[in-house]
Structures are given as C-alpha cells and as structure tokens.
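Residues per chain, in single letters:
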Amino acid sequence: MFMFKRLIESGRADIHIDIFEKKNELGTGMPYSSDGANDEHITNVSGNEIPQLVTSIAEWIETTSPGKLNRFHITPDSYNDYKVLPRLVFGQYLSAQFDLLRKMADQAGIAYNVYYNSEVVDIIDHPDRKQTTVVIESGEHFNYDRVVICTGHRWPKTHEGTVSGYYDSPYPPAKLSFMVNHPVAVRGASLTAIDAIRTLTRANGQFITDADGKLTYELSPESAGFKVVMHSRNGLLPAIRFHLQDSHLSGNDTLTREEMTSYREAHDGFLSLDYIFEKNFKDAFRDKDPEFYARIKDMNMEEFVNSMMEMREDIEPFHLFRAEYIEAEKSIKRRQSVYWKEMLAILSFSMNYPAKYLPAEDMQRLQKTLMPLISIVIAFVPQSSCEQLLALHNAGVLDIVAVGDDSHVEPGEAGGAVYHYTDADGREYQTHFETYIDCVGQPHLSYQQLPYQSLVDNYTVSPARLRFQNAEVGEREKNDDNEHIQTDSTGNYYLKVPGIGINDNFQVLDNYGAYNPRIYMMAVPYIGGFNPDYSGLDFCEASSKAIIKVIFEND
Ligand SMILES: Cc1cc2nc3c(=O)[nH]c(=O)nc-3n(C[C@H](O)[C@H](O)[C@H](O)COP(=O)(O)OP(=O)(O)OC[C@H]3O[C@@H](n4cnc5c(N)ncnc54)[C@H](O)[C@@H]3O)c2cc1C
C-alpha cells in the first residue's frame, strides 16, 4: 500500500501498475485480517504513531458505518488518536485507505489492475530483455520493467499439522480458540506470545472487572488444569507502551547518510557499531537527559547492555512488569516520554540502514548483545494486554521460565513437544507439554526459503553476508566449525546473515554484489540479516521512500 501510494504521488501518468494479491482483499495484509488476528488482538501503535496514509483513523471512524465498529464498542466519541485499536478494525481502516488510493490513481489517470486470488509462485529475471516475469499460480506469465516484492509475513511449518498439539506459530489465531485442561508451553514472551495468550485465555475462562476497576481472571471449570508457561532466554517480560515524545520515532538527530558515507570512506567501507551507538544513542542524552548521560557516558555498548539487563534481571519479572506498567501510565498521563526507551527504539530503527555496512565482528556483537535488550525494550506492550497478563499471573494461570541460550524444543512422540533447558543453577530439564506454540515472532528466513525458485536457480539473488574486518577472526571461527563463515578466493572471510543481499534501495544483489535494477525486496522475512529491526508500518514507509527514489532512474 505504501508503495502504491508513492507511485501515485510520483505524478507519472505514463506508468502502469499491476498488483497481485493472493487473497480477495487489499490492505488488511496478514496482521490485520483473520490470517493474523481475532477480535481480541490489538495493534501496538496508536493512531498518532502511524505514518500518514490518506485520511486519519479518526476521520475514517467518523465516516464509516457504525455497524462495522459496534462489535468493538468503538464510536467517534470514544476514540482518540492516542488509543490502540483492535487489529481487525485497523485492517478495515487500511482496506478503506487502499480504496481511497485507488480513487486517487483514477483521478490522476494512472492505469492499474488488481489481480485478486493470484498468488505469485515464481519470478524470472531477463537481463538481456531488461524485463522481469511474474508467474502466478494459474500459470499465467506477466512481464514488467520493475517488480517490487511486498509479500509480508510468512510462517513456515515444521511439525504443525503432523504432530498433534505442536504449533509453529499462533497464526491464524482462530486455530488456538480451543479448550485445554493442561499446561501449554509458549516459546517467547513478547508480542507474539501475548497474541497466543489472549486467544487461549479467552477460550478457557473469563476476565472480570470488579467494582474498583481491577481486572481478575477466572478459569472455566472444564479448564481447571490450564495454564500458560512462557519460556524466554533471560526470563524477562517485554516493556510497556509509554508516551513517545517523537511519535514517529523519526530520529531526526541520528547520523545522516552523508555522515555515514564519509565515515565509511575513511574506514575501508565499514561502519562501526561503537560509532553508531555513540552518535545515534549516547549523544542524544547530553541535552535531553544529562543525568542519564552522566550514568552512561563512559560505557561502551556491552557495558550499557549489561547494566540494563542486570537491573532487569535482579527483579522478579512480574514485579518489574507491574512497576513498568505504573511508570508507563504516568508517562501517558503526563505526556512525558521514558526517554532512554524511546532512544533505544530510535537506535534500533536507525540500525536498519547501516547494518549492511557493519563488519562481521560488529554484527555478531549486535546480534549477541544489543538485539536481545532491544527486543525486550521496544516491544511496547499495550496497556490492556499488560493488565490481562498481570491478572492471569495473579490467578496462577501464567508463568515465565528462563531457559538459557542452549534450550531447544523437540516434537513429543505422542504429540506436543519436549522443552529441553538448563536453569540458572545448572539444573537440566526435559519437560513435556501436550500443547506447544512457537511464539518467537516472524522467523528470519534464509536465502533457500525464498519461494521464487528462478531467482535462486538463476543466481539473481544471493545470500546476505558481511565481511570480517580482521580475516584472522573469520579464519578462527571457520576452524571452530562455525557453519556461518564463508571465504572467497582473495582470502576474505564472511559471516552469512539471514536472507538475501540488498542494497540501500532494496534492490536485490547477485553473487558479485551487483544490484539488479528491476527487482526490489520489501518482504521482511527475507531481509532480516541486513535489516535487523524491520518491523512495522514505519518500515513500510521508509523502505517505499527509498525505492521510489530510484524506481524511475534510467527510464
Ligand atoms: C501479528 C502481527 C502484528 C503486527 N502488529 C503491528 C502493529 O500493531 N503495528 C505495526 O506498525 N506493525 C505491526 N506488525 C508489523 C507488520 O510487519 C506491518 O505492520 C505490516 O503489516 C507489514 O505489511 P506488509 O505489506 O509488508 O505485509 P503483510 O501485511 O503481511 O501483507 C502482505 C500481503 O501480501 C500478500 N501475499 C503474500 N504472499 C503473496 C504471494 N506470493 N502472491 C501474492 N500475494 C501475496 C498477503 O496476502 C498480504 O495481503 C505486526 C506484524 C505481525 C506479524
């Protein structure tokens, strides 16, 4: 939708756009349709935080038929732009925005077709003809000058469907609306886990608000043995939505492309994680929060992450969750940000561009150290989800277990799964659960998992990889049997990261690192290596902006 909007705004009436959508509707995508949501699921951003489309959510609510909103108890009076929305309602809004964009295209005289129920099953590039062919499930072929892949989320199945009680993801969530009378294991403790918990707890009991407004949870008698056990690497719960000073996390004071380019020119083509951490994070506190700056100014990234993690690990997870809930409530009431968390979100988003220029050594530090903290702090759990989790924990229906780095899950012989992990005291566990749901979020898919075989077979795309600044480090890791290390004929060592290689304009790269001027990749599961924080509508907006800049080049 963001790409379509940019194409319309280009004012180029000499183009023709074809949209292929495997479903029979546009705009709702996966997260905001029944593929990714039931009534109980909500967005994690509010109206004021979403990038501009055509009309605002408030305007849409004013004009849409009340019948569509009654079920969700939403009226123009009850809505304000600081509220999160049921995801299915947000999907209706997005779909209505797509309709408005189509009208804008008609008015601008831009020709377009929408092919519904048309899954793209292959993409074949023809460099000789300077064209790319799109093949859909019916076998029809279509030729184009430019192809932008915006296929969004994908959740491959491993054991789901063959092992009973084993779920590779909680989506579509309708499949989890069942009654159970035993503990359910959930892998993960963040937003995806909360989606699963919201559905399971709705099916197995009810939330009750008492006269003082306190939320409690009561299990159905038939589900007396039901509870959810979340498993996470550090046993931590995610942080809670607070008031954002910069509601679009635009990071206006972060490094510019020019600054990063000149840094790279002086450093053998590399950016440095320490440089980005100093400039895009620490420096922001000098004026805005001098007290916090004084605390962190001498810390490197590892020291900062350790201090933040230790602070969190020292407190029982649900106590910390409650304390953060109170802090977030104050932040929202006073419209005052929790600045260090906001800056961490900005740092995370700002890593998307430079990640592909980091040396492999820094990417390993990023993956090992900073990303685990970021993934906890920037999840931004909505208040109502937080209230539900606390009520569930109080009712003895929700627990969290820290499982360490070496944990793994195997399908159970008689169904479900066995969770293998070692606790903080070194005790080993092998716990069988009749029901297991993998909730770690969108998996980073590999180059081989790209569903357009001709792109792989013809070497149009290549696996994403980063060069080691110090070849000896790469060599050492290769000798230690690190399967992610590659070499080339010139003695360079590389770290393979998930997905395919793309350049700054999201054009796919071949094995020689040459970009393809026709094919653009915006689908998040395939670019996770070079875009570690690829979540959300803000990313859709930013990536479509980069693409539109070059799409008409050399026309
Ligand atoms: C459960 C969940 C909740 C989320 N909640 C939020 C949130 O609250 N706020 C936020 O900012 N972000 C959220 N996100 C992040 C999400 O990435 C973006 O908000 C946004 O949906 C991404 O849009 P997209 O078009 O890339 O992908 P999608 O929304 O997944 O849309 C992809 C579209 O492509 C179609 N398609 C897929 N494959 C093919 C094919 N081969 N051929 C033809 N059509 C195809 C699909 O049917 C779908 O319509 C959430 C993500 C998930 C998974």
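The structure this text deals with has already been given above.
Residues numbered from 1 in each chain as written. Predicted model: local features only at pLDDT ≥ 70, side-chain atom pairs only at ≥ 80, totals over all residues. Heavy atoms only, no water.

A. A look at the site of the ligand. Neighbouring residues of the ligand: 26 residues in total, closest E21, Y32, N44, V120 and H153. Take E21: an N or O atom from its side chain is 2.6 Å from an oxygen atom of the ligand. Within the contact set of the ligand, an oxygen atom lies 2.8 Å away from a side-chain nitrogen or oxygen of N44. Its residues assigned to classes, the shell around the ligand shows 12 nonpolar, 8 polar and 6 charged. (Near = heavy atom within 4 Å. Polar contact = N/O pair within 3.5 Å; in protein donor to acceptor, adjacent residues only side chain to side chain. Nonpolar A, V, L, I, M, F, W, Y, C, P; charged D, E, K, R; others polar.)

B. Structural context of the sheet that holds strand β19 (residues 493-500). What the 3 strands build is an open sheet, ordered β17-β19-β18; its pairing is antiparallel. Here the strands that pair on one side only, and so sit at the sheet edges, are β17 (463-467) and β18 (485-487). Taking each pair of neighbouring strands and ignoring which way they run, the sheet shows an average axis angle of 45°. Across 3 bridges, β18 lies against β19 in antiparallel orientation. Across the sheet, I485 pairs through a bridge with L495, a residue of β19. Against the sheet, helix α13 (residues 360-377) touches β17 and β19, its axis set at about 50° to β19. (Pairing = 2+ DSSP bridges. Helix = DSSP H or I, 4+ residues; strand = E, 2+ residues; numbered from the N terminus. Axes fitted to C-alpha atoms, helices over the stretch in contact; angles between N-to-C directions. Contact = heavy atoms within 4.5 Å.)

C. Geometry of the side chain of T133. Examined against the element boundaries, T133 turns out to sit in strand β4 (residues 131-136). In this structure the side chain of T133 is engaged in a polar contact, spanning 2.8 Å, whose partner is the side chain of H126. Not counting residues up to four positions away in its chain, the partners in contact with T133 are D122, I123, I124, H126, H141, F142 and N143.

D. Here's a closer look at the packing of aromatic side chains. As enumerated under the stated definition, the model contains 28 aromatic pairs in all. Residues Y32 and F90 carry aromatic rings whose centres are separated by 5.0 Å and whose planes lie at 80° to one another, so their mutual orientation is edge-to-face. You can see Y32 sitting in the loop between β1 (16-20) and α2 (57-63) and its partner F90 sitting in helix α4 (residues 87-108), a full 58 residues away along the chain. The pair Y32 / F90 is uniform in exposure class, with both members buried. Between F292 and W340, the aromatic rings sit 6.3 Å apart at their centres with planes inclined by 15°, giving stacked as the arrangement. Of the two residues, F292 sits in helix α9 (residues 290-296) while W340 sits in helix α12 (residues 339-350), which places them 48 residues apart along the sequence. Taking relative accessible area as the criterion, W340 reaches 11% and is therefore assigned buried. Among the aromatic side chains, those forming a connected cluster through ring pairs are F277, F281, F285, F292, F304, Y339 and W340. Its guanidinium or amino end placed over the ring of Y82, R335 lies 3.9 Å from that ring's centre, counting from NZ or CZ. (Phe/Tyr/Trp six-rings, centres within 6.5 Å; stacked < 30°, edge-to-face > 60°. Buried < 20%, exposed > 50% of the residue type's maximum accessible area, 1.4 Å probe, protein only. Lys NZ or Arg CZ within 6 Å of the ring centre and 35° of its normal.)

Limitation: the analysis is restricted to geometry and does not speak to function.
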